[in-house]
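Chain and residue survey
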Amino acid sequence: MRRLDPHETWAAVTGGALLIDTRTDRQRARQGDLPGAIVIDRTVLEWRLDPASASRIPEASGYDVQVVVVCRQGYSSSLAAASLRALGLDRATDLVGGVEAWVAAGLPVTGGPADVRE
């Protein structure tokens, strides 16, 4: 899996990729929210993004959708992206260094409200 740096992630998102934020509420409160990100708890990520799941979000419309997963530092997001690829989402990847790298690169964060999906 080729992981994306912050600027590649921004380009993917502006090009239509789904940006999936798996950080906790507390982490997002400290670091800010990412523009356009959909917040999905890591514990339900696969059910929400698998196009065959009855519990999927509407944006998970097919296995060809590009998904970029982000977490605080880029560790759990790499495992999440690998799990999504195992489901058949071959374009799933993650942000190297997580939101910490995003912020360090000077990319935008917002104060919310976040698009949280249960």
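Calculation rules
Residues numbered from 1 in each chain as written. Predicted model: local features only at pLDDT ≥ 70, side-chain atom pairs only at ≥ 80, totals over all residues. Heavy atoms only, no water. Phe/Tyr/Trp six-rings, centres within 6.5 Å; stacked < 30°, edge-to-face > 60°. Helix = DSSP H or I, 4+ residues; strand = E, 2+ residues; numbered from the N terminus. Core = buried A, V, L, I, M, F, W, Y, C linked by side-chain atoms within 4.5 Å. Buried < 20%, exposed > 50% of the residue type's maximum accessible area, 1.4 Å probe, protein only. Pairing = 2+ DSSP bridges. Axes fitted to C-alpha atoms, helices over the stretch in contact; angles between N-to-C directions. Contact = heavy atoms within 4.5 Å.

1. Some words on the packing of aromatic side chains
Applying the stated criterion to the full structure yields 1 aromatic pair. Taking the centre distance of 5.7 Å and the plane angle of 70° together, the rings of W10 and W102 count as edge-to-face. Separated by 92 residues along the polypeptide, W10 in helix 1 (residues 6-14) and W102 in helix 5 (residues 98-104) bring together distant segments of the chain.

2. Some points on the nonpolar core
Formed by 15 residues in total, the largest nonpolar core has its most connected members in L18, I20, I40, L45, L49, V67 and L84. The set of elements that each furnish at least two residues to this core consists of strand 1 (18-21), strand 2 (38-40), helix 3 (45-49), strand 3 (67-70) and helix 4 (76-86). Membership of the second largest hydrophobic core comes to 13 residues, among which are L4, A12, L34 and V99.

3. Thoughts on the sheet that holds strand 1
In spatial order, the strands read 4-3-1-2-5; together these 5 strands make up an open sheet with parallel pairing. Every other strand in the sheet has two partners, leaving strand 4 (92-94) and strand 5 (115-117) as the edge strands with one partner each. Adjacent strand axes in the sheet meet at a mean angle of 30°, parallel and antiparallel pairs treated alike. For strand 2 and strand 5, the ladder comprises 3 bridges, and the chain directions are parallel. Looking at strand 5, one finds that V39 is bridged to V116. Strands strand 3 and strand 4 of the sheet are contacted by helix 4, whose axis makes an angle of about 175° with strand 4.

No statement about biological role is implied by the geometric values presented.
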